[in-house]
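# Structural features, examined
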Amino acid sequence: MAQSLATFAGGCFWCMVKPFHRYEGVLAVISGYTGGDIANPSYEQVCTNTTGHREAVQITFDDEIISYSELLNIFWRQIDPTDSGGQFFDRGESYKTAIFYHTAEQLELAEQSKSDLEDLGKFGKSIATDILPAKAFYEAEEGHQDYYLKNPAHYNRYANGSGRERFKSDNWSEEV
């Protein structure tokens, strides 16, 4: 088994775990913070939008079963890639989207997938998702891990009420 890491910021990390959990080859999906310069930030610190960190998920995957390109495809279908100010009703630096690459190959694949999405012209606006080198990843507090499993009613209200689920159904006909 060849384990690899993928790190994606897609707005609220609660909504970014469930989509990846269901795929064979995905070994772990951890909610956390990355991209900033403060070590071991708390949720409260990150929410101030002064740490440089973004809410993100770090995925450990078996790249012999699921490819990084497949994970990118799943990622794009969870977000509004044209929103440069956050995601849905979550606004600010900590909710901006990004692909954090761990290798030169991941950088190349991320850039190609972003270019392909741009070329589709699907959204009528430029793709605003950043592609950045991976930095230290800090695991979020336990209450944020697997939130959709621990608090399904609140998770569903949040995912629907934020506009995320509507955006996904309006823009992607196929289930990913």
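Above this text is the structure in question.
Residues numbered from 1 in each chain as written. Predicted model: local features only at pLDDT ≥ 70, side-chain atom pairs only at ≥ 80, totals over all residues. Heavy atoms only, no water.

It is worth spelling out the overall build of the chain at this point. Looking only at helices and strands, the chain has 7 helices and 8 strands in total. A compact globule built from 176 residues would reach a C-alpha radius of gyration of about 16 Å, and the chain, at 15 Å, matches this within 12%. Restricting to contacts in the chain with at least 6 residues of sequence separation, those with at least 24 account for 77%. Each charge class in the chain can be summarised by its mean position, and for the 15 positive and 27 negative side chains these summaries are 8 Å apart. (Helix = DSSP H or I, 4+ residues; strand = E, 2+ residues; numbered from the N terminus. Rg over C-alpha atoms; globule rule 2.2 N^0.38 Å. Contact = heavy atoms within 4.5 Å. Lys, Arg positive; Asp, Glu negative; His and termini not counted. Charge placed at Lys NZ, Arg CZ, Asp CG, Glu CD.)

Turning next to the sheet that holds strand β3 (residues 54–62). Pairing is mixed in the open sheet, where 6 strands are placed in the order β7-β6-β1-β3-β2-β8. If you trace the sheet from one side to the other, it starts and ends with β7 (130–133) and β8 (137–139), each paired once. Sheet twist, expressed as the average angle between the axes of neighbouring strands with direction ignored, equals 35°. For strand β1 (residues 3–9) and β3, the ladder comprises 6 bridges, and the chain directions are antiparallel. Bridge pairing links A6 to I59 in β3. Here helix α3 (residues 68–76) sits on the sheet in contact with β1, β2 (26–34), β3 and β6 (98–101), set at roughly 20° to β1. (Pairing = 2+ DSSP bridges. Axes fitted to C-alpha atoms, helices over the stretch in contact; angles between N-to-C directions.)

Turning our eyes to something else, we now look at unusual backbone geometry. In the Ramachandran plot, F88 falls in the positive-phi region, its phi being about 55° despite a non-glycine side chain. Residue position: F88 is located in the loop between β4 (86–87) and β5 (90–91). Its relative accessible area of 16% is what places F88 among the buried residues. In this structure, D146 is a non-glycine residue whose phi angle is positive, near 50°. Structurally, the position occupied by D146 is in the loop between β8 and α5 (147–150). Residue classification places D146 among the partly exposed residues on the basis of a relative accessible area of 24%. (Buried < 20%, exposed > 50% of the residue type's maximum accessible area, 1.4 Å probe, protein only.)

On to a negative patch on the surface, then. Taken together, D63, E64, E105, E108 and E111 make up a surface patch of like negative charges. A residue is classified by how much of its surface remains accessible, and E111, at 44% relative accessible area, is partly exposed. (Patch = residues over 30% accessible without salt bridge, like charges linked within 9 Å, V, L, I, M, F, W, Y side chains within 5 Å. Areas by Shrake-Rupley, 256 points an atom, 1.4 Å probe, with all protein chains shown as cover. Salt bridge = Lys/Arg side-chain N within 4 Å of Asp/Glu carboxyl O.)

With that settled, consider the environment of S162. Note on placement: S162 falls in the loop between α6 (152–161) and α7 (164–171). Note on S162: relative accessible area 10%, which makes it buried. With 74 residues separating them in the primary sequence, S162 and F88 have C-alpha atoms 5.8 Å apart. Filtering out sequence-adjacent residues up to four positions away, S162 remains in contact with F88, F89 and R157.

For the rest of this paragraph, the subject is the packing of helix α1 (residues 14–21) against α6. Taken N-terminus to C-terminus, the directions of α1 and α6 make an angle of 105°; their axes are 10 Å apart at the nearest point. As far as their axial angle goes, α6 and α1 are roughly perpendicular. Residues W14, C15 and K18 of α1 form the contact with α6, whose own contacting residues are H154, Y155, Y158 and A159. Here the contact of α1 with α6 is built from residues that sort into 5 nonpolar, 1 polar and 1 charged. (Parallel < 35°, antiparallel > 145°, perpendicular 65-115°, else oblique. Nonpolar A, V, L, I, M, F, W, Y, C, P; charged D, E, K, R; others polar.)

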